[in-house]
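Residue-level listing of the chains:
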Amino acid sequence: MLDRLALREPELDNRLRESLERVEKCLSATASDAAAPRVAAITGHLAAAGGKRLRPLLVLLGAEFGEPWRDGIVEAAVVAELVHIASLHHDDVMDGAPTRHGVPSVHARFGERAAVFGGDWLLARAARLAAELGPEAVALNARTAGRLVAGQLRELTGPAPGEDPVTHYFQVTAGKTAALLSMSLGIGALQAGAPTGCVEALTEYGEHLGLAFQIADDLLDLRSPADVSGKERGTDLLAGVPTLPVLLALDGDDPADAELRALLRAGPVPAADAPRALELFARSPALAETEAVLRHRLDRARTALGALRPPAARRALLALCDYVALRTS
Ligand code: FPP
Ligand code: MG
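Calculation criteria
Per chain, residues are indexed from 1 in the order of the written sequence. Just so you know, chain letters begin at A and ligand numbers begin at 1, following the order they were written in. Side-chain atom pairs in this predicted model are given and counted only at pLDDT of 80 or more, local residue features only at pLDDT of at least 70, and totals for whole chains, interfaces and linings cover all residues. In computing side-chain values, all of the structure's heavy atoms are included and hydrogens and water are not. To form a nonpolar core, buried Ala, Val, Leu, Ile, Met, Phe, Trp, Tyr and Cys residues must be joined to one another through side-chain atoms within 4.5 Å. Working definition: with a 1.4 Å probe on protein chains only, accessible area under 20% of the residue-type maximum means buried, over 50% means exposed, and in between means partly exposed. In what follows, a contact means two residues having at least one pair of non-hydrogen atoms within 4.5 Å. Patch definition: residues with relative accessible area over 30% and no salt bridge; like charges joined within 9 Å; nonpolar side chains (Val, Leu, Ile, Met, Phe, Trp, Tyr) joined within 5 Å. Each accessible area is a Shrake-Rupley estimate made with a 1.4 Å probe; only the visible protein chains count as cover when residues are assessed. Think of a salt bridge as a Lys or Arg side-chain nitrogen and an Asp or Glu carboxyl oxygen that are within 4 Å of each other. Helix and strand assignments follow DSSP, with helices taken as H or I runs no shorter than four residues and strands as E runs no shorter than two, numbered in order from the N terminus. Only a pair of cysteine sulfur atoms within 2.5 Å qualifies as a disulfide here.

Observations concerning the nonpolar core
Okay, step 1: Formed by 102 residues in total, the largest nonpolar core has its most connected members in Leu202, Tyr205, Leu237, Phe281, Leu317, Leu320 and Val324.
Okay, step 2: Discounting chain neighbours no more than four positions away, the residues touching Leu320 are Met1, Leu5, Leu54, Leu58, Tyr205 and Leu209.

What to know about a nonpolar patch on the surface
Okay, step 1: A cluster of nonpolar residues, Met94, Val149, Leu153 and Leu156, forms a patch on the protein surface that exposes about 390 Å² of accessible area.
Okay, step 2: The greatest single-element share of the nonpolar patch, amounting to 3 residues, is contributed by helix α9 (residues 135–157).
Okay, step 3: By the element assignment, Leu156 lies in helix α9.
Okay, step 4: We classify Leu156 as exposed; its relative accessible area is 58%.

Side note on the state of the cysteines
Okay, step 1: Throughout the structure, instances matching the rule amount to 0 disulfides.
Okay, step 2: Between Cys321, a free cysteine, and Cys198, which holds the nearest cysteine sulfur, the sulfur-to-sulfur gap is 15 Å.
Okay, step 3: The exposure class of Cys321 is buried, given its relative accessible area of 0%.

Spelled out as structure tokens, the structure:
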């Protein structure tokens, strides 16, 4: 992830790289320290497979706004990644995903029940580690895990009768994605003893960044070629996932989107219609509207940072916004 940001801050870049190495060691030890080796193989499977490690990076960047040399920051980064990995165990069962990070998903390798209990174990392990950091970390971790699960449940139940589907989308995404990004910045800043106003600004930034991250992901499904994004274009469309561009197309009354709306209203787009749907999306006002919503979220994230110091860490968070705006994978 750090490579993709290409920071022009050598001192910060070096410090982050060193800390990320320590995170990696601590994560690998923690995710697989279950007493029984056959259990450890399940709980350690995804940590060993890799990932962007975006959440640990956010914890380390949050800590830059206080005293990043304090104890417990690496452990806080591991808490955030453990919660993320736990949620992926469950998410891949829900989605029936065969792979994750280029390897068989946990349920594909060990079975669904093992994947679910393995996820629960990781969540419990994160809670144990948070307890070593203090009551604020415990509270943040508990609140965030609750938001993640509630977001997933909200997605499962769908919008209430009469509820605006776009509002519902933002509530689901705030829980599923933004909560943990925001918590990562917050727990890093707290652990480093950053002032309260600073912690608040960073968590607000994280909420907007999280929403932007998901919207960028929705856009990728419609326009990025598989060899770049690693995911077949139109996967969400075929699965009938109500992404933001789909919801905005369905919600609008622009005549330019009439054919697209008719295709989308019929339920998940059949494979034979997918090329046509993608072609219609490419010139759809709904796509332009989604891009505008993404830009707006990123602007709010940047604004939340204000004039936070130190400037190098602030510039790194601004670079993350630019990365999300230009995301191709
Ligand atoms: C990816 O979604 C999944 C998440 C961001 C989190 C899902 C949350 C849960 C399953 C609740 C359980 C949580 C805990 C803490 C145990 P996606 O399917 O949109 O993205 P993908 O393409 O990466 O799979
Ligand atoms: Mg999924």
